[in-house]
Amino acid sequence: MVRFNDILEKTEKYNPTGDLSIVKKAYVFSAKAHQGQNRLSGEPYLNHPLEVANILTDLKMDIPTIATALLHDTVEDTKATLEEIESLFDSEIMFLVDGVTKISKVVFTSKKEREAESYRKMLISMAKDIRVVIVKLADRLHNMRTLQYMPPEKSKIISQETLDLYAPLANRLGIAWIKSELEDLSLRYLQPDIYKEITKKVAKKKKEREIYIQEVKEIIEKELADNRIQGAVSGRPKHFYSIYKKMDRQGIDFEQVNDLIAFRIISADIKGCYEALGIIHSIWKPVPGRFKDYIAIPKGNMYQSLHTTVIGPHGERLEIQLRTEEMHKVAEEGIAAHWKYKEGKVSGDKDDKRFSWLRQMLEWQQDMKDPQTFMESFRIDLFTEEVYVFTPQGDVIELPVGSTPVDFAFRIHSDIGMHCVGAKVNNTIVTLKYVLKNGDTVDIMTSKSHFPSKDWLRFVKTTKARTTVMQYIRKEEREKSIDVGKDILEKEFKKRGKSFSKVLKTEELKEAMKSFNLSTPEDLMSSMGYGKIIPRQFFEKLYPSEKAAESKKKKSKLDNFIEKISRRQKNVVEIKGIDDLLVRHAKCCNPIAGEKIIGFITRGRGVTVHSADCSYALESDPERQIALQWSKDAVLSRPVKIKVSCKDEKGLLANMSATITGEKANISSAQINTKTAKAHCIFEVTVESLTQLEKVVKALQKVKGVYSAERVLN
């Protein structure tokens with residue numbers, strides 16, 4: 001049993017300038033709060049916060065974290081309040097205790113890997129200050145060490161939760177020894193018979209294993225020395241859970257696990273790694289298919305090492321990794337590289353940098369003399385791409401950052417989203433535009449008579465919410481457009497002394513609709529209401545004989561204007577089935593001749609031309625979209641922006657300018673920003689086609705000193 005004085009001594013040793021009076025005060029407060037409480041083991045409850053604090057001193061955590069460990073159960077399990085803790089200590093310790101308390105209230109029951117992944121992220125994201133998560137890990141570790149006092153069924157649930165959530169979390173934070181111990185302890189309760197078998201057989205071979213490690217080390221060291229190759233050799237036994245995983249994965253018994261030991265050779269340089277590999281393969285036969293060269297071809301997470309498995313002394317398989325000191329440092333500090341490799345997941349540079357930085361921060365903490373200054377820079381909000389909120393029943397819902405109660409409602413069920421009329425967050429009524437925060441509890445209010453508003457599209461974040469709302473709006477707009485189109489057609493037929501309802505049944509109408517690729521009268525009315533088809537066009541197809549008579553009539557000023565614009569644009573954009581609509585080019589994407597385009601109809605403003613991959617156009621109502629294509633040999637001067645990254649050196653700007661004008665493109669403006677020895681330039685260039693733009697970009701990429709050149713949208 002750990003003594004409080006042990007904690008003080010250990011803390012003072014690595015943090016001699018720390019204010020231990022805070023730790024003492026926390027101990028006294030905790031002792032009073034937990035007085036009379038016992039754990040299931042029968043020991044005083046105070047032993048638990050002491051053990052948690054002791055684990056955190058092993059991690060060399062700062063004073064507020066040690067104090068939090070002593071206080072972490074007071075708010076949840078005693079009459080103590082957060083206000084009381086804040087008044088006796090400070091807002092920082094209160095914040096940490098509150099964070100641990102909130103995490104403790106979350107019930108994790110899912111065994112699905114994907115959901116467990118969400119929980120891992122949620123813990124870090126909820127905490128904002130990573131110390132909250134580290135305290136929780138220490139809390140879980142001590143609870144696992146004393147799990148034998150729990151009923152068997154309860155211990156299995158806790159062990160599964162530990163294996164799914166806390167062990168991987170410890171691994172990501174670079175605390176490998178906690179990860180290994182949590183895994184081994186989880187195995188003890190989840191697979192008690194297998195655990196006993198493995199521990200018994202490993203213990204039986206302990207002395208034999210130590211002799212074998214020494215034997216292999218001496219062989220490798222001698223061979224390296226004889227060949228004048230520098231290299232530090234080490235061997236380590238695998239922990240129980242990794243042995244179990246191999247047995248389970250390969251369906252083998254313990255006796256068949258013949259690579260219980262992993263060896264590592266750290267060489268002075270890359271040449272030494274390959275030379276050492278050659279020596280290893282010359283003295284022991286490599287196992288086919290088990291060699292990986294991650295030095296020549298690094299993993300996406302920048303992990304580098306040579307991996308090989310050989311048949312070593314006495315016919316035992318040996319796993320050997322070879323790397324340089326620098327590679328070893330990257331492998332150790334690059335937390336994401338380590339856990340993703342072991343879990344067989346694809347890595348991403350963004351995550352790698354994040355976790356490598358986190359590992360460095362944990363190490364810097366041990367060296368910095370001023371923990372307070374360190375922790376000011378350590379308050380972080382990881383995984384900002386997601387926010388985790390709760391249903392009133394306590395279920396965890398993962399949503400993109402920036403999500404609103406409407407997104408939450410649609411995530412629960414489409415019907416709830418469709419009839420969402422209001423929301424309560426943490427028992428307080430909020431607007432539907434309210435941006436959800438980590439840890440919020442959301443309660444949706446619904447009304448069967450309420451339906452989505454088009455305004456919702458301005459603030460919803462999730463695909464499901466946006467898609468469902470758009471489908472509803474489109475349906476509503478289609479119904480409105482059918483009504484508008486029907487009214488237009490009835491008036492137009494009335495002008496001609498005919499009845500629209502009677503003409504609906506004629507073959508002439510069906511033939512006229514076919515020319516516009518329309519299948520039903522509803523399609524005709526909808527297209528007319530949307531403005532995709534103007535009455536005169538349709539009646540020219542329906543009654544061709546009237547066209548000649550119509551052309552003799554005096555055209556209105558508006559008709560003349562539209563015709564003038566249409567003639568001017570005719571050689572640039574072609575709209576199938578329509579030859580007299582006003583056309584303009586979107587400023588959001590500045591489409592240029594030659595690239596794929598789509599049109600977007602706006603009532604009273606004709607057709608707006610967008611690039612086919614323009615985000616604005618893609619989000620627009622498909623009913624308003626119209627197929628477009630550039631006319632053959634279309635020439636249209638349009639401004640585009642080209643971003644260039646290059647060296648910051650004399651004469652390079654002049655060379656780039658000459659290159660652009662050399663491709664017969666005109667430079668409208670140029671913005672130059674320099675940083676260190678690099679320059680970032682934005683050129684606004686006027687080009688006549690996609691072909692010309694591509695030539696300009698390729699020419700810039702070939703200029704000496706240019707790193708990259710690409711088109712950017714406004």
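Residues numbered from 1 in each chain as written. Predicted model: local features only at pLDDT ≥ 70, side-chain atom pairs only at ≥ 80, totals over all residues. Heavy atoms only, no water.

Asks: Looking at this structure, I do not really get the nonpolar core. What am I missing?
Replies: In summary, soluble globular proteins display a tendency toward joint burial of nonpolar side chains. Among the nonpolar cores identified, the biggest contains 53 residues, and Leu56, Ile66, Leu71, Ile85, Ile178 and Leu182 are the most heavily contacted of them. Those elements that place two or more of their residues in this core are α1 (4-14), α2 (20-33), α3 (47-58), α4 (63-71), α7 (91-105), α9 (130-145), α10 (152-172) and α11 (176-190). It is α9 that provides the largest number of residues to this core, a total of nine residues. If we skip the residues at most four places from it in the chain, leucine 56 touches Tyr14, Met61, Thr65, Ile66, Ala69, Ile134, Val135 and Ala138. If you look at the next biggest cluster of nonpolar residues, it comprises 36 residues, including Ile220, Phe254, Leu260 and Ile261. (Core = buried A, V, L, I, M, F, W, Y, C linked by side-chain atoms within 4.5 Å. Buried < 20%, exposed > 50% of the residue type's maximum accessible area, 1.4 Å probe, protein only. Helix = DSSP H or I, 4+ residues; strand = E, 2+ residues; numbered from the N terminus. Contact = heavy atoms within 4.5 Å.)

Asks: How should α2 be read in this particular structure?
Replies: Spacing of three or four residues puts side chains on the same side of an α-helix, whose turn is 3.6 residues. Over its 14 residues, α2 runs 20 Å from end to end, which matches the ideal 20 Å to within 8%, given 1.5 Å per residue. Every buried residue of α2 is accounted for by Leu20, Val23, Ala26, Phe29 and Ser30. Next to the buried residues of α2 lie α1, α3, α4, α5 (74-77) and α6 (82-88). (Expected span 1.5 Å × (residues − 1).)

Asks: For this particular structure, what's the right way to read helix α24 (residues 507-514)?
Replies: Within α24, the full set of buried residues consists of Leu509, Ala512 and Met513. One side of α24 carries all its buried residues, which in axial view fall inside an arc of 100 degrees. Of the exposed residues in α24, the ones pointing more than 90 degrees away from its buried face are Glu507 and Lys514. (Arc of directions from axis to C-beta.)

Asks: Is there a simple way to explain the packing of helix α12 (residues 192-204) against helix α14 (residues 240-250) in this structure?
Replies: To describe two helices that pack against each other, one gives the angle between their axes and the distance between the axes. Contact pair α12 / α14: the axes reach a minimum separation of 10 Å and the direction vectors enclose 115 degrees. Accordingly, the angle class assigned to the pair α12 and α14 is roughly perpendicular. Both α12 and α14 take part in a crossing whose hand is right-handed. Along the contact surface, α12 presents Ile194, Tyr195, Ile198, Thr199 and Val202, while α14 presents Phe240, Ile243, Tyr244 and Met247. (Axes fitted to C-alpha atoms, helices over the stretch in contact; angles between N-to-C directions. Parallel < 35°, antiparallel > 145°, perpendicular 65-115°, else oblique. Left-handed = near helix turned anticlockwise from the far one by under 90°.)

Asks: For this particular structure, what's the right way to read unusual backbone geometry?
Replies: For residues other than glycine, phi is negative in most cases, and the peptide bonds are mostly trans. Not every positive phi belongs to a glycine, and lysine 60 is a case in point at roughly 60 degrees. Position of lysine 60 relative to the elements: it lies in the loop between α3 and α4. Residue lysine 60 is classed as partly exposed on the basis of its relative accessible area of 32%. In this model, histidine 314 sits at a positive phi of 65 degrees, which is unusual for a non-glycine residue.

Asks: Just checking my understanding: could you explain the environment of aspartate 253 for this structure?
Replies: Topologically, aspartate 253 is positioned in the loop between α14 and β2 (261-267). Classification of aspartate 253 as partly exposed rests on a relative accessible area of 47%. It is 9.9 Å that separates the C-alpha atoms of aspartate 253 and isoleucine 198, two residues lying 55 residues apart in sequence.

Asks: Any chance you could explain the packing of aromatic side chains here in plain terms?
Replies: Any pair of aromatic rings gets described here by the distance separating the centres and the angle formed by the planes. Scanning the model with the defined rule gives six aromatic pairs in all. When the ring of tyrosine 195 is compared with that of phenylalanine 240, the centres are 5.9 Å apart and the planes differ by 85 degrees; the resulting orientation is edge-to-face. Of this pair, tyrosine 195 sits in helix α12 while phenylalanine 240 sits in helix α14; the two residues are 45 residues apart in sequence, bridging distant segments of the chain. With a relative accessible area of 16%, tyrosine 195 lands in the buried category. (Phe/Tyr/Trp six-rings, centres within 6.5 Å; stacked < 30°, edge-to-face > 60°.)

Asks: Quick question: what am I supposed to make of the pattern of salt bridges here?
Replies: Here the idea is simple: oppositely charged side chains can pair when their charged atoms come close. Going through the model one piece at a time under the given rule, you end up with 17 salt bridges. The salt bridge partner of lysine 136 is aspartate 139, with a shortest N-O separation of 3.1 Å. One end of the pair is lysine 136 and the other is aspartate 139, both in helix α9 and three residues apart, which spans about a single turn. A residue is classified by how much of its surface remains accessible, and lysine 136, at 7% relative accessible area, is buried. Among the ionic pairs, glutamate 507 bridges to lysine 510, the shortest N-O distance being 3.6 Å. Placement of both glutamate 507 and lysine 510 in helix α24 is noted, with a separation of three residues, approximately one turn of the helix. Assessed through its relative accessible area of 40%, lysine 510 is described here as partly exposed. (Salt bridge = Lys/Arg side-chain N within 4 Å of Asp/Glu carboxyl O.)

Asks: Which parts of the structure should I look at to understand the sheet that holds strand β19 (residues 678-687)?
Replies: Where strands meet in a sheet, backbone hydrogen bonds hold them as pairs that are either parallel or antiparallel. Spatially, β18-β19-β17-β20 is the arrangement adopted by the four strands of the open sheet, whose pairing is antiparallel. Because the sheet does not close on itself, it has two edges, and the strands there are β18 (666-675) and β20 (706-712). Sheet twist, expressed as the mean angle between neighbouring strand axes with direction ignored, is 20 degrees. Relative to β20, strand β17 (residues 638-647) is paired through six bridges, and the arrangement is antiparallel. Each bridged residue has a counterpart across the sheet, and for lysine 641 the counterpart in β20 is valine 712. The strands touched by helix α30 (residues 652-662) within the sheet are β17, β18, β19 and β20, with β19 carrying the most contacts at an inclination of about 20 degrees. This element, helix α31 (residues 690-701), spans β17, β19 and β20 of the sheet and lies at about 160 degrees to β20. (Pairing = 2+ DSSP bridges.)

Asks: Before we go on, may I ask you to explain the sheet that holds strand β11 (residues 442-446) in this structure?
Replies: If you trace the three strands from one edge of the open sheet to the other, you get β10-β9-β11, paired in antiparallel fashion. Taken across any chain shown, the strands that pair with only one partner, and hence form the sheet edges, are β10 (428-430) and β11. On average, each strand axis in the sheet is tilted by 35 degrees relative to the strand beside it, whichever way the strands run. Examined bridge by bridge, strand β9 (residues 420-425) and β11 share five bridges and lie antiparallel to one another. Residue pairing for β11: lysine 424 is matched across the bridge by aspartate 443. Helix α20 (residues 405-412) rests against β9, β10 and β11 of the sheet, and its axis sits at about 80 degrees to β11.

Asks: What is the right way to look at the environment of glutamate 694 in this model?
Replies: Residue position: glutamate 694 is located in helix α31. Considered as a pair, glutamate 694 and arginine 711 are 17 residues apart in the sequence and their alpha carbons are 9.0 Å apart.

Asks: What should I look at first to understand the pairing of strand β6 (residues 317-324) in this one?
Replies: Regular strands show a simple pattern: their side chains alternate between the two faces of the sheet. Within β6, six of the eight residues are buried, which leaves the element mostly enclosed by the surrounding structure. Here six bridges tie β2 to β6, and the two strands are oriented parallel to one another. Within the sheet, the bridge partner assigned to isoleucine 266 lies in β6 and is arginine 323. For strand β5 (residues 306-311) and β6, the ladder comprises six bridges, and the chain directions are antiparallel. By the bridge assignment, leucine 306 is partnered in β6 with leucine 322. Linkage of β5 to β6, two consecutive antiparallel strands, is achieved through a turn of five residues, within which histidine 314 is found at a positive phi near 65 degrees.

Asks: Mind showing me how you'd approach the packing of helix α13 (residues 206-226) against helix α15 (residues 270-283) here?
Replies: Remark: α13 packs on α15, axes separated minimally by 10 Å, with the N-to-C direction vectors making an angle of 120 degrees. In terms of orientation, α13 lies oblique with respect to α15. Helix-helix and strand crossings are classified by hand; for α13 and α15 the assignment is right-handed. Touching Ile219, Ile220, Glu223 and Leu224 of α13 are Ala276, Ile279, Ile280 and Ile283, all from α15.

Asks: Can you help me understand the environment of leucine 224 in this one?
Replies: If you trace the backbone, leucine 224 turns up in helix α13. On the basis of relative accessible area, leucine 224 is assigned to the buried category, the value being 3%. Taking the C-alpha atoms as reference points, leucine 224 and isoleucine 279, separated by 55 residues in sequence, lie 7.4 Å from one another. Setting aside residues up to four positions removed in sequence, leucine 224 forms contacts with Ile229, Gly231, Val233, Ile265 and Ala276.

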